[in-house]
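Chain residues, written in single-letter form:
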Amino acid sequence: MLEIKGLEVIYQGVIQGLSDLSLKVPQGSIVALLGANGAGKTTTLKAISNFLPLEDGRVTKGTITLEGDNILKLAPHEIVRRGVFHVREGRYVFSDMTVEENLIAATFAKKGSQSRQAAFDEVYTYFPILSQRRRQMAGYLSGGEQQMLAIGRALVADPRVILLDEPSLGLAPLIVNEIFEIIARINREKKVSILLVEQNAMIALKYASYGYVLESGHSVLEGTTQDLAANKDIQKFYLGRV
Ligand code: ATP
C-alpha cells in the first residue's frame, strides 16, 4: 500500500502546491485523483516520484510511505527500484529511438528474474501494435501508440505501483477506451496498483474503485467511485450533467 499523510508541497519557496493532503492506494487497486487545473494532481504524483526538485518544489510537511517504509527522501531512481513507476503527462518517450530501444532504456529499472526478452514479450502481449512497430522511431507513432509505449516502459520495470498522469490527454475516445481496457487488464492480471490522474472524470470513475477530489492542493471529497458518480456536485462539475 502507498500512503500519503498530511503532505504539504511548496514551489520556489512561496507557491503552495499541496496542503495537508492525505490519501491511500491499497495494494492492487485503481485510485483516481480528480480536480480542476491547478488543483495539485500532478504535484501529488511528482511528490511521490521525487521529481519536485527539478521544478524547485519541495515537500515541507507530511509523509509518503510504501508498505510502511518512508520513501520521501529517496532519489527518483531508488523509488523506481522500489517498484513505483511514474508515467508522466505528455507521453515521455524517446522520439529518436525505436520502440524496442525505448523499452531497452527502461530496463535499468527492471526487477525480478524475468529475462529482458520475456519482459518485452509481455509488453507486446498487452500492446500487440507495439510489436508490429518495434523497429519504428517512437516519434512516428500515433498519440495512442506513444501512450501505449509510455505504459509499456513502466511494465518493463515490473512495477508494484504505476503513477499514471492523464493517459487520455489528446486522444480519440475509441483509443482512450482501448488503452483503459488494457490498463484494467494489467491491474487485474499483474496486481499492479494504479494512482490515476485524469481530467476525463467519466473514464476515471469507470475504471477506478476509489477517488479523491482535489481543490487548492487538498482533498475536499473522497469515496468509492460509485458514490462519487452519484454525487450531485460531481455530476454537475465533472460529468457535465445538470
Ligand atoms: P493540471 O491538470 O493543470 O496539471 P494539477 O491539478 O495537476 O493541474 P498541479 O500542476 O499539480 O495541478 O499544480 C498545483 C499548484 O502548484 C498550482 O497552483 C500550480 O500553479 C502550482 N505549480 C505546479 N507546478 C509548478 C511549478 N513548476 N512551479 C511553480 N508552481 C507550480
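Nothing here was measured: the structure is a model prediction, and the numbers come from that model.

**Considering unusual backbone geometry**
Point 1. In this model, Glu67 sits at a positive phi of 45 degrees, which is unusual for a non-glycine residue.
Point 2. For Glu67, the position within the fold is in the loop between β4 (57–66) and β5 (69–70).
Point 3. For Glu67, a relative accessible area of 42% translates into the label partly exposed.
Point 4. The phi dihedral of Ser216 is positive, around 45 degrees, even though this residue is not glycine.
Point 5. Mapped onto the secondary structure, Ser216 falls in the loop between β9 (210–215) and β10 (218–224).

**Examining the site of the ligand**
Point 1. In the vicinity of the ligand, 14 residues are found, and the nearest of them are Gly38, Lys41, Thr42, Thr43 and Glu55.
Point 2. Between the ligand and the protein, one listed contact pairs an oxygen atom with a side-chain N or O atom of Asn37 at 3.4 Å.
Point 3. Calculation on the ligand without its partners gives an accessible area of 620 Å², and the protein chains cover 71% of this total.
Point 4. In terms of residues, the shell around the ligand owes the most to one element, helix α1 (residues 41–49), which gives three residues.
Point 5. Taken together, the residues that form the shell around the ligand break down as four nonpolar, eight polar and two charged.

**Regarding the pattern of salt bridges**
Point 1. Evaluation of the coordinates by the stated rule reveals eight salt bridges.
Point 2. Between Lys61 and Glu8 there is a salt bridge whose closest N-O contact spans 3.9 Å. Of the two residues, Lys61 is situated in strand β4 and Glu8 in strand β1 (residues 2–11); the sequence distance between them amounts to 53 residues.
Point 3. On the accessibility criterion, Lys61 (51% relative accessible area) is exposed.

Definitions and cut-offs
Residues numbered from 1 in each chain as written. Predicted model: local features only at pLDDT ≥ 70, side-chain atom pairs only at ≥ 80, totals over all residues. Heavy atoms only, no water. Helix = DSSP H or I, 4+ residues; strand = E, 2+ residues; numbered from the N terminus. Buried < 20%, exposed > 50% of the residue type's maximum accessible area, 1.4 Å probe, protein only. Near = heavy atom within 4 Å. Polar contact = N/O pair within 3.5 Å; in protein donor to acceptor, adjacent residues only side chain to side chain. Areas by Shrake-Rupley, 256 points an atom, 1.4 Å probe, with all protein chains shown as cover. Nonpolar A, V, L, I, M, F, W, Y, C, P; charged D, E, K, R; others polar. Salt bridge = Lys/Arg side-chain N within 4 Å of Asp/Glu carboxyl O.

These figures capture arrangement, not role.
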